[in-house]
Amino acid sequence: MSHGITGLPSVTVLGVPNDDGSSFLRGTAGAPPRIRKALHSPSSNLATERGLDLGAEARFRDVGDLPVGVPYDRIEPQVAELLDEGDRVLSLGGDHAVTYSIVRAFGPRFEKLNLLLLDAHPDLYDQLDGDRLSHACPFARIMEEGLVARLVQVGIRTLNPHQREQAERFGVEIHEMRDWPPPAFDFEGPLYLSLDLDVLDPAFAPGVSHHEPGGLSVREVISLIQGLRVPVVGADVVEYNPTRDPSGVTAMVAAKLLKEIADRMLES
Ligand code: MN
Ligand code: MN
């Protein structure tokens, strides 16, 4: 049963601390507790910009983290269980490889699921260094398995010939940063939002494994989130790397975006 009592959607936060798919630096498995600490920091509050107090909202809960290094095949059933209780699930990575396991729970449960990826990278490699489960590959796996009806990517600025070929093969709609701003989105049906924090310019979010200049501002990402006009039934915030965030500023960015995503998910 959903923990919501109003008929409106309920949102559950779940930490998925696995960085086995990281190709360059480890460390993102340490992200969920650091983002949670920033979320509850006395330097701010739990209000969203719309004025919803997540600290007082019965439809918003946090069930904590799966064990550090949780195997991929244990992620899908954990997410599925929450979905079958009627909740919308907001996951905290971990690196981007976890999104494949998470979306495997969503795919069979939502007809015509749309996926919006905010990322510097398309993550469409067939394999990277021989690893088909690398954080560079999740969207190739998701499209091969037909887990979503439509994949739209925004913020992309690292396309190489292989990934461009993969995008064409899978019919991925890519809005590259060189063409910024993207046109207005017109999704039909439920949406899963995957937020890789490296979509932000490293000036705003240095605490990620892959610094890719030329990205979005925090405000631009918030505007994209607030502008979504379809039910957001699932989301993840991935690739926060605390080992590169001594000041904690990127954790605050992640917590801020988590609040705005949760606000959007709590709307019907
Ligand atoms: Mn990514
Ligand atoms: Mn990325």
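## Structural notes on the coordination of the manganese ion (ligand 1)
Protein-derived coordination of the manganese ion (ligand 1) comes from His-96 (ND1), Asp-119 (OD), Asp-123 (OD) and Asp-196 (OD), at a distance range of 2.1 to 2.2 Å. The sequence pattern describing where the donors of the manganese ion (ligand 1) fall on their chain is H-x22-D-x3-D-x72-D. The two metals, the manganese ion (ligand 1) and the manganese ion (ligand 2), are separated by 3.2 Å and share Asp-119 as a common coordinating residue. A relative accessible area of 0% places Asp-119 in the buried class. Among the residues examined, Asp-123 registers a relative accessible area of 5% and is labelled buried.

## So, the pairing of strand β1 (residues 11-16)
Most of β1 is tucked away, with 6 of its 6 residues classed as buried. As defined by bridge partners, β1 adjoins strand β2 (residues 60-65) across 4 bridges and the pair is classed as parallel. Counterpart to Val-11 in the pairing with β2 is Phe-60. Since β1 and β2 lie parallel, the crossover through helix α1 (residues 31-39) that links them has a hand, and here it is right-handed.

## Points about the packing of aromatic side chains
The tally for this structure, following the rule as stated, stands at 3 aromatic pairs. Judged by centre distance (5.7 Å) and plane angle (20°), the ring pair of Phe-106 and Phe-110 falls under stacked. When its relative accessible area of 22% is taken as the criterion, Phe-110 is described as partly exposed. The interplanar angle of 75° and the centroid separation of 4.9 Å between the aromatic rings of Phe-106 and Tyr-192 together place this pair among those described as edge-to-face. Here Tyr-192 lies in strand β7 (residues 191-196) and Phe-106 lies in helix α3 (residues 98-106), a separation of 86 residues in the sequence. In terms of burial, Phe-106 and Tyr-192 fall into one category: buried. Put simply, the rings of Phe-106, Phe-110 and Tyr-192 touch in pairs and so form one group of aromatic residues.

## Examining the nonpolar core
Membership of the largest hydrophobic core comes to 48 residues, with the highest contact counts inside it found for Leu-90 and Leu-257. With 10 residues, helix α7 (residues 249-266) is the largest single contributor of residues to this core. With near-sequence residues (within four places) excluded, Leu-257 lies in contact with Leu-195, Leu-197, Leu-200, Val-218, Val-221, Ile-222 and Ile-225. Formed by 35 residues, the second largest nonpolar core is a distinct cluster that contains Leu-66, Tyr-72, Ala-97 and Leu-151.

## Section: the pattern of salt bridges
Proximity of charged atoms lets side chains of opposite charge pair with each other. Following the criterion strictly, the structure yields 23 salt bridges and no others. The partner of Arg-26 in a salt bridge is Asp-19, and the shortest N-O contact between them spans 2.9 Å. Exposure remark for Arg-26: the relative accessible area of 47% places this residue in the partly exposed category. Notably, a salt bridge pairs Arg-26 with Asp-20, separated by 3.0 Å at the nearest N-O pair. Taken together, the shared-partner salt bridges in this structure form one network comprising Asp-126, Arg-132, Arg-141, Glu-144 and Arg-169.

## Topic: the coordination of the manganese ion (ligand 2)
Protein-derived coordination of the manganese ion (ligand 2) comes from Asp-119 (OD), His-121 (ND1), Asp-196 (OD), Asp-198 (OD) and Asp-198 (OD), at a distance range of 2.2 to 2.4 Å. When the donor residues of the manganese ion (ligand 2) are listed from N- to C-terminus, their spacing reads D-x1-H-x74-D-x1-D.

## Describing unusual backbone geometry
In the segment running from Gly-93 into Gly-94, the intervening peptide bond is cis, with an omega of 15°. Assignment of secondary structure puts Gly-94 in the loop between β3 (88-93) and α3. With an omega of 0°, the peptide bond running from Trp-180 to Pro-181 counts as cis. Locating Pro-181 in the fold gives a position in the loop between β6 (173-176) and β7. Positioned with a positive phi, Lys-112 is a non-glycine residue whose angle comes to about 55°. Position of Lys-112 relative to the elements: it lies in the loop between α3 and β4 (114-118). Backbone geometry at Glu-239 places phi at a positive 75°, although glycine is not the residue there.

About the criteria used
- Residues numbered from 1 in each chain as written.
- Chains lettered and ligands numbered in written order.
- Predicted model: local features only at pLDDT ≥ 70, side-chain atom pairs only at ≥ 80, totals over all residues.
- Heavy atoms only, no water.
- Donors = N, O, S within 2.8 Å, 3.2 Å for Na, K, Ca; no water.
- Buried < 20%, exposed > 50% of the residue type's maximum accessible area, 1.4 Å probe, protein only.
- Helix = DSSP H or I, 4+ residues; strand = E, 2+ residues; numbered from the N terminus.
- Pairing = 2+ DSSP bridges.
- Right-handed = clockwise from strand over helix to strand, strands pointing away.
- Phe/Tyr/Trp six-rings, centres within 6.5 Å; stacked < 30°, edge-to-face > 60°.
- Core = buried A, V, L, I, M, F, W, Y, C linked by side-chain atoms within 4.5 Å.
- Contact = heavy atoms within 4.5 Å.
- Salt bridge = Lys/Arg side-chain N within 4 Å of Asp/Glu carboxyl O.

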